Amino acid sequence: MNAVTVPFPNIKTPGIRSRADGEGSVQVQLDPDLKIGNAKVFAIYGKGGIGKSTTSSNLSVAFSRLGKRVLQIGCDPKHDSTFTLTKKLMPTVIDVLETVDFHAEELRVEDFVFPGYNGVMCVEAGGPPAGTGCGGYVVGQTVKLLKEHHLLEETDVVIFDVLGDVVCGGFAAPLQHADRALIVTANDFDSIFAMNRIVQAIGAKAKNYNVRLGGVIANRSAETDQIDKFNAQIGLKLMAHFPDLDVIRRSRLKKSTLFEMEPSPELEAVQNEYMRLAAALWLGAEPLHAVAMKDRDIFDLLGFD
């Protein structure tokens, strides 16, 4: 891990001076040799509160039901990406590193990797304290730990669930490792505006890494007309559509995935859509070469005449 800043105030990095306020926003440089391996890697992005964690967890279960060995990595300081899988908030990588004064060699696998529903392995990377450091450091340390403990060698699918619509260098770090980036959006202007910015970030990372856009997941939306209009304009593709159902809301309250809820026809339809999405992604989502729009042009495109 080669860092150009001190990402946390209590980590002492030899040979690096103390930074003035404001300089901490400089991006942490990740080790270019740090590769995940042979697993299919997906990074889930989207506007804050759009349902990325719900999508990620249920997609993880769908992959596991296809017989795949799945690892889900939450990349949010809230560390709630995996709680429907584990039934509680688990300690983050940063939490456990602090307990050993950041001597990573003292950690055991069970200190930061936790079993979830249907065998999904769960890791919460966490994030830096508010106003300090860079999320890229956290992602880099998490992947490094997983590799050192040989946890990635027997993993078929890795899902990064990434914080909100933040596309700074640090929180774009999962794109260094991902094969495909998926964007979760609703059928509204704010969600699509955030999606456009994420498309820009993915395009920037694709210049140096293998990551490519895989497609769009419509969530909490009865219709997809605005999403379809935007997709057609820039070259994106709708991969799955999940309506705004109360059973989805209740599953979060019950700390359960949708695959554990009481059966009903509407729930079965949602489960089938997750299984269809997982199967399509496993077979290989075609790379999309979308070109983001200018902010002002989105205003002109969306809405009704």
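Okay, so let's go over this structure. (Residues numbered from 1 in each chain as written. Predicted model: local features only at pLDDT ≥ 70, side-chain atom pairs only at ≥ 80, totals over all residues. Heavy atoms only, no water.)

**Overview of the overall build of the protein chain**
Along its length, the protein chain carries nine helices and eight strands. In the protein chain, which comprises 305 residues, the share counted as buried stands at 53%. For the protein chain, restricting intrachain contacts to residue pairs at least 6 apart in sequence, the fraction spanning at least 24 positions comes to 76%. Carbon and sulfur atoms make up 50% of the accessible area of the protein chain, which totals about 13900 Å². (Helix = DSSP H or I, 4+ residues; strand = E, 2+ residues; numbered from the N terminus. Buried < 20%, exposed > 50% of the residue type's maximum accessible area, 1.4 Å probe, protein only. Contact = heavy atoms within 4.5 Å. Areas by Shrake-Rupley, 256 points an atom, 1.4 Å probe, with all protein chains shown as cover.)

**Considering the pattern of salt bridges**
With the rule as written, the count across this model stands at 11 salt bridges. Between Glu286 and Lys237 there is a salt bridge, with its nearest N and O atoms 3.5 Å apart. Of this pair, Glu286 sits in the loop between α8 (265–284) and α9 (295–301) while Lys237 sits in the loop between α6 (225–234) and β8 (238–242), and the two are 49 residues apart along the sequence. Looking at Lys237, the relative accessible area reads 40%, which means it is partly exposed. Here the residues in one salt-bridge network are Asp76, Lys78, Asp80 and Arg252, joined through shared partners. (Salt bridge = Lys/Arg side-chain N within 4 Å of Asp/Glu carboxyl O.)

**Thoughts on the sheet that holds strand β4 (residues 121–124)**
Pairing within the open sheet is mixed, and its eight strands lie in the order β3-β4-β2-β5-β1-β6-β7-β8. Across the chains shown, the open sheet's two edge strands, defined by having one partner strand only, are β3 (114–115) and β8. One ladder, built from five bridges, connects strand β1 (residues 40–46) with strand β6 (residues 180–185); its direction is parallel. Within β6, the position partnered with Gly46 by the bridge is Val184. Across the face of the sheet, helix α5 (residues 189–206) comes into contact with β1, β6 and β7 (212–219) while running at roughly 170° to β6. In this fold α8 packs onto β1, β5 (157–162), β6, β7 and β8, with an angle of close to 160° to the strand it touches most, β8. (Pairing = 2+ DSSP bridges. Axes fitted to C-alpha atoms, helices over the stretch in contact; angles between N-to-C directions.)

**Regarding the packing of helix α1 (residues 52–65) against α8**
As a packed pair, α1 and α8 sit with axes 8 Å apart at the nearest point and diverge in direction by 70°. When the axes of α1 and α8 are compared, the pair comes out roughly perpendicular. Contact residues: Thr54, Thr55, Asn58, Leu59, Ala62, Phe63 and Arg65 in α1; Tyr274, Met275, Leu277, Ala278, Leu281 and Trp282 in α8. By residue class, the composition of the contact of α1 with α8 is nine nonpolar, three polar and one charged. (Parallel < 35°, antiparallel > 145°, perpendicular 65-115°, else oblique. Nonpolar A, V, L, I, M, F, W, Y, C, P; charged D, E, K, R; others polar.)

**Focus on the pairing of β1**
The element β1 is extensively covered by neighbouring structure, given that six of its seven residues are classed as buried. Sheet topology note: the β1/β5 ladder contains five bridges and is parallel. Bridging across to β5, Val41 finds its partner in Val158.

**Things to note about the packing of aromatic side chains**
Inspection of the entire model under this criterion finds four aromatic pairs. When the centroid spacing of 5.8 Å and the interplanar angle of 15° are considered together, the rings of Phe42 and Phe63 count as stacked. One end of the pair, Phe42, is in strand β1; the other, Phe63, is in helix α1, with 21 residues separating them in the sequence. Through a chain of ring-to-ring contacts, three or more aromatic side chains come together here, namely Phe189, Phe193 and Phe299. (Phe/Tyr/Trp six-rings, centres within 6.5 Å; stacked < 30°, edge-to-face > 60°.)

**Observations concerning the environment of Asn231**
As for its placement among the helices and strands, Asn231 is situated in helix α6. In the structure, Asn231 is positioned 35 residues away from Asn196 in sequence and 9.9 Å away in space, judged by C-alpha atoms. If we ignore the near neighbours within four places in the chain, the residues touching Asn231 are Met195, Val216, Leu236, Lys237 and Leu238.

**Section: α6**
Those residues of α6 lying buried are Gln226, Ile227, Phe230, Asn231 and Ile234. Here the buried residues of α6 occupy an arc of 135° about the axis, which is enough to place them on one side. When the buried face of α6 is taken as reference, the exposed residues oriented beyond 90 degrees from it are Ala232 and Gln233. If you follow the buried residues of α6, they end up packed against β6, α5, β7, β8 and α9. Directly after α6, the chain includes Gly235, whose backbone phi takes a positive value near 100°. (Arc of directions from axis to C-beta.)

**Some thoughts on the side chain of Asp161**
Inspection of the secondary structure puts Asp161 in strand β5. No salt bridge is formed by the buried Asp161; the nearest opposite charge belongs to Lys52, separated by 5.5 Å. Here Ser53 takes part through its side chain, which lies 2.6 Å from a polar atom of the side chain of Asp161. Setting aside chain neighbours within four positions, we find Asp161 in contact with Ile44, Lys52, Ser53, Ser56, Ile73, Gly74, Cys75 and Ser81. (Lys, Arg positive; Asp, Glu negative; His and termini not counted. Polar contact = N/O pair within 3.5 Å; in protein donor to acceptor, adjacent residues only side chain to side chain.)

**Quick look at α8**
Helix length check: α8, at 20 residues, gives a terminal C-alpha distance of 29 Å against a target of 28 Å (1.5 Å per residue), a fit within 8%. For α8, the complete set of buried residues consists of Leu267, Val270, Gln271, Glu273, Tyr274, Leu277, Ala278 and Leu281. Looking straight down α8, one finds that the buried residues subtend no more than 155° of arc, so they occupy a single side. Of the residues in α8, the exposed ones pointing more than 90 degrees away from the buried face are Pro265 and Leu283. The inward-facing, buried residues of α8 abut β1, α1, β6, β7, β8 and α7 (246–253). (Expected span 1.5 Å × (residues − 1).)

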